Amino acid sequence: MTFQQLGLSEALLNAVAEQGYTTPTPVQQKTIPLILEGKDILAGAQTGTGKTASFTLPLLQLLAEDIDLHQMPRRVRALILTPTRELAQQVYESVQTYGKYLPLQSEVIVGGASVSVQRRNLRRGCDIVVATPGRLMDHVMQRHVNLSSIQILVLDEADRMLDMGFLPDIRRIMGLIPKQRQSLLFSATVASGVKQLAVQLLNNPISVDIAKQNATADNVSEKVYGIDREYKRELLSYLIGSNNWQQVLVFVRTKHGADRLEKQLISDGIRTAALHGDKTQGARNKALDAFKTGKVAVLVATDIAARGLDIDDLPHVVNFDLPQTPEDYVHRIGRTGRAGASGIAISLVCPEEAYALSELESFLKRQIPRVADTGYEPVSLKVMDAPKKHLPNKTTGKKDFRHTKKPSSKTQKSGSEPRKPQRAPRRGSKRP
Ligand code: AMP
């Protein structure tokens, strides 16, 4: 199938061709014609599948077909809500890229940026607003923007919005926009909360399921390295240095952990930046830009970066810590292997995370391949794989977490001292 066959206008086809896209992705093939017909959509689309274009292209077309160039200032006719500022910025850039040959105005409204500049831009008028819910509500309350002319509403990464507690804001926004509208809901995982939201938001929706729920991209090669917590950083430096990796997104659980690892990697001679929610928006943008443009080789990030980030050909993702939830794992590793490219996703798992690993694997319904040959003592792979660790104890009925503890010296090979990790080599050096 070609983009022409989807019924897109010449202006959009030209913009798409300039991006070098030749074939629509499966989510684009399924959703674009339906959206052009005016249908409401509930799309469960795997991350990195081209879903942004799948709603942006038809949305631009519908707005352009119905434009009144004499209407001044422009009324906001399409609203795209996203959970994070970075995703909003990225979607906004897609709107600009695909809409470059159309006479449509768009604005991005996110927290951490100047309210007065946004107010001025909103008052000037625009056709499309891409926003995070909190900051949009601030502008609505101060009457900087009027949502009564919305014709198309898009909720991107709806599951994440619910996780982040945006449901009250979404409900308030729904109360302010016309009931007669087209609504599109995109979510990587369609769990029960998203289904409930869909019932309230959508009118006779068509469900489009692109990937198996909870699936990870097929072209991402996943590996687990078993390693004691205190040696994770050295192993990471070693992997980056010995393989000469140039672009690695490293996920950690905490903001403090991100700052600490950033400093440690820099002291290992690795160009590194950190991205987390305690940084100002300026610092977040700077870190992301440095990573995208190759000024730094490593971006250490909390889960704020797990959704939405689209970095062309990102080859490596490392889970320095396993995430809080299995769903976050799917999102984190979805940062690589996007749009058909291949990627490597590595998880450094210490004995204390054995339970989280087994929960993750039961969620994925498969085992992630283990790499025993780390050059370090593969501390606890056997312990992590212990099959009965979560079965309820027959007498008490309680779950048995004994094996999640750090293994005692008995679990090490008899007669051998635990091998000390060598100092991690500097980047670019060959494996010893
Ligand atoms: P998304 O899932 O929207 O974040 O898109 C993931 C990546 O796929 C982005 O880098 C897009 O630029 C790219 N992309 C979107 N549509 C296509 C297409 N039809 N062919 C190739 N790449 C695409």
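Up top is the structure these notes are about.
Now for a look at the structure at hand. Quick caveat, the model's predicted, so the values are computed rather than measured.

1. A short note on the side chain of Thr-56
Mapped onto the secondary structure, Thr-56 falls in helix 3 (residues 51–65). Relative accessible area serves as the criterion here: at 0%, Thr-56 is assigned to the buried category. Within the local environment of Thr-56, its side chain forms a polar contact with the backbone oxygen of Thr-52, the two atoms lying 2.6 Å apart. In contact with Thr-56, not counting residues within four places along its chain, are Ser-94, Val-95 and Tyr-98.

2. Topic: the pattern of salt bridges
In the structure shown here, the tally under the stated rule is 19 salt bridges. Among the salt bridges present, the one from Arg-77 reaches Asp-66, with a minimum N-O distance of 4.0 Å. Of this pair, Arg-77 sits in the loop between helix 3 and strand 2 (78–81) while Asp-66 sits in the loop between helix 3 and strand 2, and the two are 11 residues apart along the sequence. When the shortest N-O distance is used, the salt bridge between Arg-366 and Glu-222 registers 3.0 Å. One end of the pair, Arg-366, is in the loop between helix 14 (354–364) and strand 14 (370–371); the other, Glu-222, is in strand 8 (residues 220–226), with 144 residues separating them in the sequence. Looking at Arg-366, the relative accessible area reads 30%, which means it is partly exposed.

3. Some words on the pairing of strand 8
For strand 8, the buried fraction is high: 5 of the 7 residues fall into the buried class. Alignment of strand 8 against strand 13 (residues 343–349), held across 7 bridges, turns out to be parallel. Along strand 13, the bridge assignment pairs Gly-226 with Val-349. Pairing geometry for strand 8 and strand 14, over 2 bridges, is parallel. Paired with Tyr-225 across the bridge in strand 14 is Val-371.

4. Re the sheet that holds strand 4 (residues 128–131)
Across the sheet, which stays open at both edges, the 7 strands sit in the order 3-4-2-5-6-1-7 with parallel pairing between neighbours. Of all strands in the sheet, those with a lone pairing partner are strand 3 (106–109) and strand 7 (206–209), marking the two edges. The average undirected angle you get between the axes of adjacent strands in this sheet is 15°. Of the pairings in the sheet, the one linking strand 2 to strand 5 (residues 152–155) comprises 4 bridges and is parallel in character. Its bridge partner lying in strand 5, Ile-80 is registered against Val-154. Set on the sheet, helix 5 (residues 115–124) makes contact with strand 3 and strand 4; between it and strand 3 the angle comes to about 150°.

5. Examining unusual backbone geometry
The backbone phi angle of Arg-143 is positive, close to 55°, even though this residue is not glycine. Turning to its location among the elements, Arg-143 is positioned in the loop between helix 6 (133–141) and strand 5. A relative accessible area of 72% places Arg-143 in the exposed class. The phi torsion at Asn-204 lies on the positive side, around 50°, for a residue other than glycine. Structurally, the position occupied by Asn-204 is in the loop between helix 9 (192–201) and strand 7.

6. Focus: the packing of aromatic side chains
Counting across every chain of the model gives 2 aromatic pairs. The ring of Phe-320 has Lys-232 sitting right over it, with the charged end atom 5.7 Å from the ring centre.

7. Things to note about helix 5
The set of residues buried in helix 5 consists of Gln-118, Asn-121 and Leu-122. One side of helix 5 holds all its buried residues, which, seen down the axis, span an arc of 100°. In this structure, helix 5 carries Arg-120, Arg-123 and Arg-124 as exposed residues pointing more than 90 degrees from its buried face. Within two residues after helix 5, Gly-125 carries a phi angle of roughly 95°, on the positive side.

8. Some thoughts on the sheet that holds strand 8
The strand order across the open sheet built from 7 strands is 10-11-9-12-13-8-14, with neighbouring strands paired in parallel fashion. Each edge of the open sheet is held by one strand with a lone partner, namely strand 10 (272–275) and strand 14. Packing of helix 12 (residues 281–292) onto the sheet brings it into contact with strand 9 (248–251), strand 10 and strand 11 (298–301), and relative to strand 11 it is tilted by some 145°.

Conventions we followed
- Residue indices begin from 1 for each chain and proceed along its sequence in written order.
- pLDDT decides what is reported in this predicted model: residues at 70 or higher carry local features, side-chain atom pairs at 80 or more are listed and counted, and totals for whole chains, interfaces and linings draw on all residues regardless.
- Calculation of side-chain values draws on the structure's entire complement of heavy atoms; hydrogens and water are dropped beforehand.
- In DSSP terms, a helix is any run of H or I states spanning at least four residues, a strand is any run of E spanning at least two, and both are numbered starting from the N terminus.
- Only protein chains enter the accessibility calculation, which uses a 1.4 Å probe. A residue is then buried if its area is under 20% of the maximum for its type, exposed if over 50%, and partly exposed in between.
- Polar contacts, as counted here, are pairs of nitrogen or oxygen atoms within 3.5 Å of one another; within protein the pair requires one atom able to donate a hydrogen and one able to accept it, and residues that are adjacent in sequence qualify only if both atoms are side-chain atoms.
- Residue contacts are counted whenever heavy atoms from the two residues lie within 4.5 Å of one another.
- By salt bridge we mean one thing: a side-chain nitrogen of Lys or Arg within 4 Å of a carboxyl oxygen of Asp or Glu.
- At least two DSSP bridges between two strands are required for those strands to pair.
- An axis is simply a line fitted to the C-alpha atoms; with a helix, the fit covers only the stretch in contact. Between two such axes, the angle follows the N-to-C directions and lies from 0 to 180 degrees.
- Only centres within 6.5 Å qualify two rings of Phe, Tyr or Trp (six-membered ring in Trp) as a pair; their planes then separate them into stacked at under 30 degrees, edge-to-face at over 60, and tilted for everything else.
- Put simply, a charge is over a ring when the Lys NZ or the Arg CZ is close to the ring centre, within 6 Å, and near the line of the ring normal, within 35 degrees.
- Directions drawn from the helix axis to the C-beta atoms are what define this arc.

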